[in-house]
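Close look at the chain arrangement
Now for the letters of each chain:
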Amino acid sequence: MQQSAMTLAVEGAQDWWEVEALYDLCFAPGRSALSSYRLREGVDPIAGLCLTARDNDGILAGAVRNWPVRIGNADVVLLGPIAVHPTRQGEGVGSFLMQACLGRARDGGWARIMLVGDAPYYQRYGFEVLNGVAMPPPTNPQRVLGIALRDGAWDGVTGAVAAARD
């Protein structure tokens, strides 16, 4: 894997359509029907944790968005979607975005992050299966993963994941 020079930036309004086009390219057409999207409806993403990675020519190579959710009384970051343009895969762009998310969330005072994904891939970043945490169906429980950004952050956090609406 070769890391290319990338510029990290917080996603702005001017990036929205380009990021949406990247997600459409990288994910199935029905991506918005996934259960994680139900948790995002009517909720603003966490602005400082929505990031873009652009190459030296300003071309979008990857993007990630993060959303607030709740499990019981616990505030949680729901990471995703994260996507890398197919022509940039294998260059370390996804890892660059993931590390930036983890660091910024930790620095921003968040204690825990979760996502829905493949455990063998996300274990490299410290994510583990969250037993006792339930995403809306039909999510496979073995794909519900989390990482503690502070010691013991997941201790006693169980139950259904809910949108963080006011």
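Residues numbered from 1 in each chain as written. Predicted model: local features only at pLDDT ≥ 70, side-chain atom pairs only at ≥ 80, totals over all residues. Heavy atoms only, no water.

1. Examining the packing of aromatic side chains
This is how the line gets drawn: Only Phe, Tyr and Trp rings take part, Trp by its six-membered ring, and two of them pair if their centres are within 6.5 Å. Stacked means planes under 30 degrees apart, edge-to-face means over 60, and tilted covers everything else. Burial classification: accessible surface area is computed with a 1.4 Å probe over protein chains only, and a residue below 20% of its type maximum counts as buried, one above 50% as exposed, and the rest as partly exposed.
Considering all chains together, one arrives at 5 aromatic pairs under this definition. Judged by centre distance (6.1 Å) and plane angle (75 degrees), the rings of Tyr 122 and Phe 127 are edge-to-face. For Tyr 122, a relative accessible area of 14% puts it in the buried group. Through pairs of rings, three or more aromatic residues link up here, namely Tyr 121, Tyr 122, Tyr 125 and Phe 127.

2. A look at the environment of Gln 123
This is how the line gets drawn: Working definition: helices are DSSP H or I runs of at least four residues, strands are E runs of at least two. Numbering for both runs from the N terminus.
Within the secondary structure, Gln 123 sits in the loop between helix H4 (119-122) and strand E6 (128-129). In the structure, Gln 123 is positioned 56 residues away from Trp 67 in sequence and 21 Å away in space, judged by C-alpha atoms.

3. Things to note about the layout of surface pockets
To keep it simple, the criterion reads: Using protein atoms alone on a 1 Å grid, points that fit a 1.4 Å probe yet trap it form a cavity, whereas open point sets bounded by protein on both sides within 12 Å along at least five of seven lines form a pocket; residues with an atom within 4 Å of a point count as lining. Grid points are joined across faces, edges and corners, and a volume is the space filled by probe spheres set on the points.
Taken as a whole, the largest pocket holds about 960 Å³ of empty space. If you trace the largest pocket, you find 39 residues lining it, with Phe 27, Ile 82, Val 116, Gly 117 and Tyr 122 closest to the centre. Those elements that provide at least two residues to the lining of the largest pocket are helix H2 (35-40), strand E4 (74-84), helix H3 (93-107), strand E5 (112-116) and H4. If you tally residues by element for the lining of the largest pocket, the top one is E4, at 7 residues.

4. What to know about unusual backbone geometry
Each neighbour pair has its own omega, and for Gly 80 with Pro 81 the value is 5 degrees, a cis peptide bond. Structurally, Pro 81 can be placed in strand E4. Between Pro 137 and Pro 138 the backbone carries a cis peptide bond, its omega angle lying at 10 degrees. In this fold, Pro 138 is placed in the loop between strand E7 (133-134) and strand E8 (144-148).

5. Here we look at the pairing of strand E9 (residues 159-163)
Note the following rule: Between any two strands, pairing holds if DSSP finds at least two bridges.
By the bridge criterion, 3 bridges tie strand E3 (residues 60-71) to E9 in an arrangement that is antiparallel. Opposite Val 69, over in E9, you have Ala 163 as the bridge partner. The pairing of E7 with E9 spans 2 bridges and is parallel. Bridge assignment links Val 133 to a residue of E9, and that residue is Gly 159.

6. A word on helix H1 (residues 16-26)
Think of an α-helix as turning once every 3.6 residues; residues three or four places apart then point the same way. Worth spelling out the cut-off: What the arc describes is the spread of directions from the helix axis to the C-beta atoms.
Among the residues of H1, Val 19, Glu 20, Leu 22 and Tyr 23 are the ones counted as buried. Along the axis of H1, the buried positions cluster into a sector of 155 degrees, meaning they face one direction only.

7. Some details on the pattern of salt bridges
How we decide: Salt bridges are defined by distance alone: a side-chain nitrogen of Lys or Arg within 4 Å of a carboxyl oxygen of Asp or Glu.
Scanning all chains against the criterion turns up 9 salt bridges. Across the salt bridge formed by Asp 55 and Arg 88, the nearest N and O atoms sit 2.8 Å from each other. In this pair, Asp 55 is assigned in the loop between strand E2 (51-54) and E3 and Arg 88 in the loop between E4 and H3, connecting sequence segments 33 residues apart. Side by side, Asp 55 and Arg 88 carry an identical accessibility label, which is buried. With a closest N to O distance of 2.8 Å, Glu 91 and Arg 88 form a salt bridge. Of the two residues, Glu 91 and Arg 88, neither departs from the other in class, the shared state being buried.

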